[in-house]
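Examining the three-dimensional arrangement
Single-letter residue listing:
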2 protein chains.
Amino acid sequence: MTTAYDELMAFTRETEALGQVAGRLGWDQETTMPRGAAAQRAEEMGALESVLHARRMDPRVGDWLAKAEGSDDEAKAHLRHIRRDFDRASKVPADLAAELARTTSMAQGIWAEARANDDFAAFAPTLERVLDLRRQEGAALAEGGDPYDALLQDYEPGATAADLDAMFGALRPRLVELRDKVLGAPAPAALSGTFDESAQMKLSRQIAKTFGYDMSRGRVDKAVHPFSSGSGNDVRITTRTNPEDPFNCIYSTIHEVGHAAYEQNIDQAYLLTPLGRGVSMGVHESQSRIYENQLGRSRAFTGWLHGQMVEAFGDFGISDPDAFYGTVNRVHKGYIRTESDEVQYNLHVLLRFDLERQMIAGTLDVSDLEEAWNARFEADFGYAVDKPSNGVLQDVHWSVGLFGYFATYSLGNVYAGCLHEALRKAVPDLDAQLAAGDTSAATGWLRDNLQRHGGLYEPREVIERACGFAPNEGPLLAYLEAKFGEIYGV
Amino acid sequence: MTTAYDELMAFTRETEALGQVAGRLGWDQETTMPRGAAAQRAEEMGALESVLHARRMDPRVGDWLAKAEGSDDEAKAHLRHIRRDFDRASKVPADLAAELARTTSMAQGIWAEARANDDFAAFAPTLERVLDLRRQEGAALAEGGDPYDALLQDYEPGATAADLDAMFGALRPRLVELRDKVLGAPAPAALSGTFDESAQMKLSRQIAKTFGYDMSRGRVDKAVHPFSSGSGNDVRITTRTNPEDPFNCIYSTIHEVGHAAYEQNIDQAYLLTPLGRGVSMGVHESQSRIYENQLGRSRAFTGWLHGQMVEAFGDFGISDPDAFYGTVNRVHKGYIRTESDEVQYNLHVLLRFDLERQMIAGTLDVSDLEEAWNARFEADFGYAVDKPSNGVLQDVHWSVGLFGYFATYSLGNVYAGCLHEALRKAVPDLDAQLAAGDTSAATGWLRDNLQRHGGLYEPREVIERACGFAPNEGPLLAYLEAKFGEIYGV
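Residues numbered from 1 in each chain as written. Chains lettered and ligands numbered in written order. Predicted model: local features only at pLDDT ≥ 70, side-chain atom pairs only at ≥ 80, totals over all residues. Heavy atoms only, no water.

The test is simple: UniProt positions are given in the numbering used here, feature names are shortened, and annotations may be inferred rather than shown by experiment.
The name given to chain A in an unreviewed UniProt entry is Metal-dependent carboxypeptidase, with Marivita geojedonensis as the source organism. Reading the Catalytic activity (unreviewed entry) entry of the UniProt record for chain A gives the comment "Release of a C-terminal amino acid with broad specificity, except for -Pro." Taken directly from UniProt, the Function (unreviewed entry) text for chain A runs: "Broad specificity carboxypetidase that releases amino acids sequentially from the C-terminus, including neutral, aromatic, polar and basic residues."

Right, here's the structure in full:
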């Protein structure tokens, strides 16, 4: 006999499959789509999104949910995910959802033009409109609770602004202090010269495999922005090349491999179900960050990488692996979050988190945002923003309504710090392995203790299960202070 | 006020967009998809097909069709297409449609294995099942009329077996006679040597542009089988390379450019509507064939191509353009339709057309098919089939239920013959242009007189409008007899 649960799962599986189709289109758009196809593609994607939207709101899902019972932990987790998505879709009035889709789809272009012209005033009215709609949405979702917390759930189920605030509040002063010390000390040499771009891609593909990326269920291509796309057995990544900066290509690849390996390593039994995707943005970012930073930028691994780079590019002017380690981890002044280093990155994020909470709470007007940004930047970084494209206009996120998203970047770093501490205990000779270019014990531990679970546990829970302790900012801070204290002698 | 027609068109436009999405997935599957993604992709594609199927059967379409009125020729054409699709979907019982989908999806694998083992008996029971289901479907669609005619409508609306039979009946004896004469005469030299595969791809891309393919709305990639995919502003082609046979790469490209240019050149006002796609398989094939053969294998164009090949590959042993023309058009014995030449190709098709009509009519049993195939082959080609993979098992079509499809290949050749005659009248100095590698007058004439109309006119009607006379086999026969008579001196 077919139960309500069976029917719900069959319907959900088809929806998940259609979601993957949308992902394939997204990949195609950024990699292989002819440029003249853009307008037509928007309509094709719109048609698919409208099918997905109708399925999310389908009244049968409500009926099935009312009757379905989860017979085991996995079934209960499936129902939890499906119920959360259905409730979310049901709480937002259709008019508001449509208006949000319309407004954000136009807003991105207006933001891009304002950024190109360094003109915040040209973007402000649009941002006000997006903010207003997201505040309405947050209120509808919160049902009397905190709208910002409600928005957070889209990216990090279970997270609260209060928890994040406590965590980030503890991070900020020590990061500012570390930043001051590091930038006051002599810096390691920067990389110079040019590096053949096809050799960069070849090396990146090899490094992707070194980190356990399964090429038979993925592929590496070039795109303007690095990303990972897809779940299960079709998880593709992109990277980019710059002849003067091979680290950009290499570390973008390792970062995206962290995301992609998470998706590839989820239990095959969860394929095309709500458990068959990474559980949250924060947990996802913890994987990309631990692959990229704690493993990829470690002294042990960079020693191996140095040899690979000499092989790929010949002598490039840095022959000492210790000096190379310093070069890889060089901290430098800059305005742009995405170009930042391990020391300063979270300061960029914390700034955005605090400002967007105030905007959603209604205590910071868009008209005051640029000034607030610049004041905060100078306080944390020690120098003034020179132009809006290096400040308040640098990120696309707010234009498309992503309020609540930024926090997951730093949460991911905090989680990566915790996982790294637990990993070091579980694999005592990790450095010896990394020094030989062998990541299998590290990536295997992450696969077995975290990645394979997909959406089975809630985000915080899956981190705590893997680490054996409640996630907190302590390990990340200890790691950063030790690492950069040693490199910079501070 | 929104009319039933407006609502129907909005719904149809979304369906067309989703159909394009399915096309993108198909392209991806043959070009970029990781091999480990196959099973997951089948499920993703299945989910999308099931959405498309439900839309085709949506009862609202029937309601809208009952009320909608076409105010002009274009609106009337839209309604004609939508009504035809809806009626077709409504006539076939759901059980039969599902059983056909299930059976044909398994049958292709069984056919491929039988072909690899040269074992027709292993495929026969499956073919019997597919044939039985398609006969049932044909009967359901025909509603008392001829089931084969009903199946033909899927590929060539308006065509009848009787019309095709008259046309093909006139072709066959003269093609057999030409084939006998040509193969009795001394053959031009065959190409020998090896040809760099990346140089083949580079030359093919250049030739694609030469034939008016718009690269900003398309792309050329390698795949196992050449194909064209998509409509409107995203029309991609594939080709293949073989180091010993650059003609395979070049002429596959030109053939697919014929298909793709047709799609690209349809009036932009028809984008993502039922008029925004090529109107039939036969008309489509007329475009690929006239590009490939009447233009691409002409003495004038091969003279230009010869120079391009010398530039791309250096001296390859044929220095005289007249000899090169013979080499390009060399007629050779062989069993395989897809490797055949202009003289023999239609004989392959006519054989299949006659046999499949008998199968659908119930006058030829699957158990007698292999013998019937071999007897007919020997009668038309003059020698015996050596093994089933070179005979009855060579094509995938019947395994997936494509009864009624083969005829459109020869119909396309007949149409191409007619269009070529009209084109020669319209562009008297065509050869001088082709000799300079300039196809713009030819492709422009085809665009303006045929391609731009998309689905506005019925297939036969659009050919007749372009040519100024009723399509018939005469021009094709005259062209083939003159061309090969001259090359072979017969």
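1. Brief notes about the sheet that holds strand β3 (residues 236–239) of chain A
The strands making up a sheet associate through backbone hydrogen bonding, with each pair oriented either parallel or antiparallel. Residues and elements named next belong to chain A. Cut-off, in case you're wondering: A pair of strands is considered paired only if DSSP assigns at least 2 bridges between the two. Secondary structure elements are taken from DSSP: a helix is a run of H or I of four residues or more, a strand is a run of E of two residues or more, and numbering for both begins at the N terminus. Whether two residues touch is decided by their heavy atoms; if any such pair falls within 4.5 Å, the residues are in contact. Here, axes are lines fitted to C-alpha atoms. For helices the fit covers the stretch in contact, and angles between N-to-C directions go from 0 to 180 degrees.
Judged by pairing direction, the sheet is mixed, and its three strands sit side by side in the order β1-β3-β2 without closing on themselves. Every other strand in the sheet has two partners, leaving β1 (220–222) and β2 (228–229) as the edge strands with one partner each. In this fold helix α9 (residues 197–210) packs onto β1 and β3, with an angle of close to 155° to the strand it touches most, β1.

2. Considerations on the pairing of strand β3 (residues 236–239) of chain B
All names here are of chain B. Which entries qualify depends on this criterion: Here's how the labels work: a residue is buried when its accessible area is under 20% of the maximum for its type, exposed when over 50%, partly exposed in between, all with a 1.4 Å probe on protein chains only.
Residue alternation in β3 divides its side chains into two sets, Arg 236 and Thr 238 and Ile 237 and Thr 239, and both sets are buried. Taken together, the two bridges between strand β2 (residues 228–229) and β3 define a ladder with antiparallel strand orientation. Each residue of the ladder has a partner; that of Ser 229, found in β3, is Arg 236.

3. Observations concerning empty space enclosed by the protein
Residues and elements named next belong to chain B. Note the threshold: A cavity here means a set of points on a 1 Å grid, drawn over the protein atoms and nothing else, where a 1.4 Å probe fits but cannot get out; a pocket is an open set with protein on both sides within 12 Å along at least five of seven lines, and a residue lines either one if it has an atom within 4 Å of a point. Grid points are joined across faces, edges and corners, and a volume is the space filled by probe spheres set on the points. Residues are grouped as follows: nonpolar covers Ala, Val, Leu, Ile, Met, Phe, Trp, Tyr, Cys and Pro; charged covers Asp, Glu, Lys and Arg; every other residue, Gly included, is treated as polar.
In the structure shown here, the tally under the stated rule is eight cavities of 30 Å³ or more. What the largest cavity holds in volume is close to 100 Å³. What lines the largest cavity is a set of 15 residues, among which Ser 231, Gly 232, Leu 271, Leu 272 and Gly 276 lie closest to the centre. Those elements that provide at least two residues to the lining of the largest cavity are α1 (4–31) and α10 (246–264). Looking at the lining of the largest cavity residue by residue, the class counts come to three nonpolar, eight polar and four charged.

4. Let's talk about the interface of chain B and chain A
Going by this rule: When two parts are put together, the accessible area they lose, computed with a 1.4 Å probe and summed over both, is reported as buried area. Criterion for a salt bridge: a side-chain nitrogen of Lys or Arg within 4 Å of a carboxyl oxygen of Asp or Glu. The term polar contact refers here to a pair of N or O atoms within 3.5 Å; inside protein, the definition further demands a hydrogen-donor-capable atom paired with an acceptor-capable atom, and it admits residues adjacent in sequence only when both atoms are side-chain atoms.
On the chain A side, the residues contacting the 38 residues of chain B number 38 residues. Together chain B and chain A conceal approximately 2,900 Å² of surface at their shared face, both sides included; 57% is due to carbon and sulfur atoms. One can count eight salt bridges joining chain B with chain A. Among the ionic pairs, Arg 41 of chain A bridges to Asp 234 of chain B, the shortest N-O distance being 3.4 Å. On the surface where chain B and chain A come into contact, there are 18 residue pairs in polar contact (both at pLDDT 80 or more).

5. Quick look at the packing of aromatic side chains
In plain terms, the rule: Only the six-membered ring of Trp is used, alongside the rings of Phe and Tyr, when aromatic pairs are assigned; centres must lie within 6.5 Å, and planes under 30 degrees apart are stacked while those over 60 apart are edge-to-face, with the rest tilted. Only lysine NZ and arginine CZ atoms are considered, and such an atom sits over a ring when it is within 6 Å of the ring centre and within 35 degrees of the ring normal.
A full pass over the atoms with the stated rule returns 45 aromatic pairs over all chains. Here Phe 247 of chain B and Phe 324 of chain B contribute two aromatic rings whose centre-to-centre distance is 5.7 Å and whose plane-to-plane angle is 65°, an arrangement assigned as edge-to-face. Linking Phe 247 of chain B in helix α10 with Phe 324 of chain B in helix α13 (residues 321–328), this pair joins segments that are 77 residues apart in sequence. Taken together, a centroid distance of 5.3 Å and an interplanar angle of 45° make the contact between Phe 301 of chain B and Trp 304 of chain B tilted. Of this pair, Phe 301 of chain B and Trp 304 of chain B are both found in helix α12 (residues 299–313), three residues apart, which corresponds to roughly one turn of the helix. Taking the ring centre of Tyr 345 of chain A as reference, the NZ or CZ of Arg 289 of chain A above it sits at 4.2 Å. Between the NZ or CZ atom of Arg 297 of chain B and the centre of the ring of Tyr 251 of chain B, over which it lies, the distance is 4.1 Å.

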